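# Inside the fold
Here is how the chains run, residue by residue.
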Amino acid sequence: MTSNTYVSIPVVIVGGGQAGLSASYCLRKKNIEHVVLERYRFAHQWRENRWDSFCLVTPNWQCKLPDFPYTGNDPHGFMLKDEIVEYLEAFVRSFDPPLKEGVTVTEVSRRDDGRFVVCTNEQNYLAEQVVIASGGYDIPIIPSFAEEIDPSIFQIQAGDYKSPAQLPEGNVLVVGAGQSGVQIMEDLKLAGRKVHLAVGPAPRAPRMYRGRDATDWLYDMGHYDLTMRDHPQGEAVHEKTNHYLTGRDGGHEIDLRKFALDGVTLYGSLSGASGSEAVFAQDLEKNLDDADESYVGIRKAIDDYIATNGIDAPEEKPFEKVWRPEQEPSQLDFDRQNITSLVWAIGFRPDYSWLKVDVLNARGRPIYDRGVCTVKGLYFLGLGWLNTWGSGRFLGVGDDAQYLSEQIETLHETNRATLSKVS
């Protein structure tokens, strides 16, 4: 039961993932009192909302939490789910954050005096500043017509998928070809399942190219230092879907055309479903072509960088499209194709229904400048493209946390000085 009293504290951090923990570390170094409120257990998303074979798609060297870089013996490998959790557990042990687990934030509002009321299922807080680090993966995106599908079809969203054994016997339709969709498709394929894949407009990227992981080249090229403010697409970059590839079994790129040759049936975007029938848009070839265009574009950018800098790197064969759809299927009969399961992998959206401060735009997206809101004392952290591509990842969240801690420190000192003058 929530108390009617308030605990006064300079800073409340909402969320105990890598973002919230990074903010806590930076504030601890500045001796600013704070508390981290986590609805479940810290690192919950990594523990509970990833499948069993999940691994990073970016190499381990990109894990750079504040003063806690990856120090293992496989910097160019890809940590498995349990190893990611171990990395975060070690980070927590390194500084013992003021973390309260099992605490659900039910409301954040702002008083006339500028302080924030943070209500939880256990205790209410009165905070001078609040960092929202709850992430953007609260609610899976599932179309309304999912309710019209025959109830005999087992439906599951990507965050709940664990392994092929979790699904009933039979064939599977995976909807979505982003990072989760293609990796789940491969997981099922390797387990011997017949997979049907609805392919949306997600881009893809090379893995190894000209002797190195493509992310190594892109890092050297300054790609990951590009800020949203300087990005040619500006705010539209928030709409960009992550490029798909995988770190599984040492890492490799995913060419859906090759999977088609190997037995995966591809369709365009799923446009509707009812009963035992699904309907698809006629955009499969376009989506494959667009994904390949992104793939080839990254290769060309690396080629140009190598040429400009006179780097000795092995040559690669030109890209070839090994398959194209002779015709695009517009329908799928679940019964005829023995489809018994459907995996939704078309993304998530955040839930800010508890946030009663006017900092969201008409689409419900937070409004900020590098995480700093126009409402003084309110911040966001850990979201994609908060500042750079790495902002929502282990690579860039530490830099963002350090930046926000400096803004928090400045306001904290101003508040202390004001109180001193009043007293």
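Throughout what follows, the structure given in this document is the object of discussion.

## Things to note about the packing of aromatic side chains
Under the criterion given, the structure shown has 20 aromatic pairs. Taking the centre distance of 5.1 Å and the plane angle of 50° together, the rings of F91 and F95 count as tilted. Remark: F95 and F91 occur in helix 3 (residues 81-95); sequence separation between them is four residues, near one turn of the helix. On the basis of relative accessible area, F91 is assigned to the buried category, the value being 0%. Since its relative accessible area comes to 9%, F95 is described here as buried. An angle of 35° between the planes, with centres 6.1 Å apart, marks the rings of Y368 and F380 as tilted. With Y368 in the loop between strand 20 (348-349) and strand 21 (378-380) and F380 in strand 21, the pair connects residues that are 12 residues apart, well separated along the chain. By the burial criterion, Y368 is buried, and F380 matches it. Feature note: the residues Y25, W46, W51, F54, F68, Y87, F91, F95 and F394 constitute an aromatic cluster, connected by ring pairs. Between the NZ or CZ atom of R50 and the centre of the ring of W46, over which it lies, the distance is 4.6 Å.

## Looking at a negative patch on the surface
Negative charge collects at one region of the surface, where D52, D74, D82, E83 and E86 lie side by side. When you line up the elements, D74 lands in the loop between strand 4 (68-69) and helix 3. D74 sits in the partly exposed class, given a relative accessible area of 38%.

## A few points about helix 7 (residues 284-308)
Over its 25 residues, helix 7 extends 36 Å from the first C-alpha to the last, a length consistent with the 36 Å expected when each residue adds 1.5 Å. For helix 7, the complete set of buried residues consists of L284, N287, L288, A291, D292, S294, Y295, I298, R299, I302 and I306. Where helix 7 is buried, its residues touch strand 13 (208-209), helix 5 (214-220), helix 6 (256-261) and strand 15 (265-267). Following helix 7 by one or two positions, G310 has its phi on the positive side, about 60°.

## Looking at the packing of helix 1 (residues 18-29) against helix 3
Relative orientation of the contacting elements helix 1 and helix 3 amounts to 20°, with a least axis distance of 11 Å. By the criterion of interaxial angle, the relationship of helix 1 to helix 3 is roughly parallel. The handedness of the crossing between helix 1 and helix 3 is left-handed. On the side of helix 1, the interface is formed by Q18, L21, S22, S24, Y25 and R28, while helix 3 contributes L88, F91, V92 and F95. Classifying every residue of the contact of helix 1 with helix 3 gives six nonpolar, three polar and one charged.

## Concerning the pairing of strand 11 (residues 171-175)
With five of five residues buried, strand 11 lies mostly within the body of the structure. In terms of strand pairing, strand 11 meets strand 19 (residues 339-344) through five bridges, oriented parallel. The residue bridging N171 from the neighbouring strand is I339, located in strand 19. Taken together, strand 11, helix 4 (residues 179-190) and strand 12 (residues 195-198) constitute a β-α-β crossover, and its handedness is right-handed.

## Some points on the sheet that holds strand 17 (residues 277-280)
In space, the three strands of this open sheet follow the order 16-17-18, with antiparallel pairing throughout. Each end of this open sheet is capped by a strand with a single partner; those strands are strand 16 (270-274) and strand 18 (331-333). Pairs of neighbouring strands in the sheet enclose a mean axial angle of 15°, with direction left out of account.

## So, the side chain of S405
Note on placement: S405 falls in helix 8 (residues 397-422). When sequence neighbours within four positions are dropped, the list of residues in contact with S405 reads C26, L27 and K30.

## Overview of the sheet that holds strand 19
Think of a sheet as strands paired side by side through backbone hydrogen bonds, with each pair either parallel or antiparallel. If you walk across this open sheet you meet the five strands as 10-19-11-12-15, and the pairing is parallel. Edge positions in the sheet fall to strand 10 (154-157) and strand 15, since each has one partner strand and no second. Between one strand and the next, the sheet's axes are offset by a mean angle of 20°, whatever the strand orientation. As judged from the three bridges shared by strand 12 and strand 15, these two strands associate in the parallel manner. Each bridged residue has a counterpart across the sheet, and for A198 the counterpart in strand 15 is Y267.

## Digging into the pattern of salt bridges
A complete count under the given rule lists 24 salt bridges for this structure. The partner of K30 in a salt bridge is E409, with the nearest N and O atoms 3.1 Å apart. A residue pair is termed long-range when its members are at least 10 positions apart, and K30 in the loop between helix 1 and strand 2 (34-38) and E409 in helix 8 qualify at 379 residues. Overall, E409 belongs to the partly exposed group, its relative accessible area being 23%. Between D369 and R229 there is a salt bridge, with its nearest N and O atoms 2.5 Å apart. One end of the pair, D369, is in the loop between strand 20 and strand 21; the other, R229, is in the loop between helix 5 and helix 6, and 140 residues separate them in sequence. D369 sits in the partly exposed class, given a relative accessible area of 43%. Through salt bridges with shared partners, one network takes in R204, D255, R257, D289, D292 and K321.

Parameters and conventions
- Residues numbered from 1 in each chain as written.
- Predicted model: local features only at pLDDT ≥ 70, side-chain atom pairs only at ≥ 80, totals over all residues.
- Heavy atoms only, no water.
- Phe/Tyr/Trp six-rings, centres within 6.5 Å; stacked < 30°, edge-to-face > 60°.
- Helix = DSSP H or I, 4+ residues; strand = E, 2+ residues; numbered from the N terminus.
- Buried < 20%, exposed > 50% of the residue type's maximum accessible area, 1.4 Å probe, protein only.
- Lys NZ or Arg CZ within 6 Å of the ring centre and 35° of its normal.
- Patch = residues over 30% accessible without salt bridge, like charges linked within 9 Å, V, L, I, M, F, W, Y side chains within 5 Å.
- Areas by Shrake-Rupley, 256 points an atom, 1.4 Å probe, with all protein chains shown as cover.
- Salt bridge = Lys/Arg side-chain N within 4 Å of Asp/Glu carboxyl O.
- Lys, Arg positive; Asp, Glu negative; His and termini not counted.
- Charge placed at Lys NZ, Arg CZ, Asp CG, Glu CD.
- Expected span 1.5 Å × (residues − 1).
- Contact = heavy atoms within 4.5 Å.
- Axes fitted to C-alpha atoms, helices over the stretch in contact; angles between N-to-C directions.
- Parallel < 35°, antiparallel > 145°, perpendicular 65-115°, else oblique.
- Left-handed = near helix turned anticlockwise from the far one by under 90°.
- Nonpolar A, V, L, I, M, F, W, Y, C, P; charged D, E, K, R; others polar.
- Pairing = 2+ DSSP bridges.
- Right-handed = clockwise from strand over helix to strand, strands pointing away.

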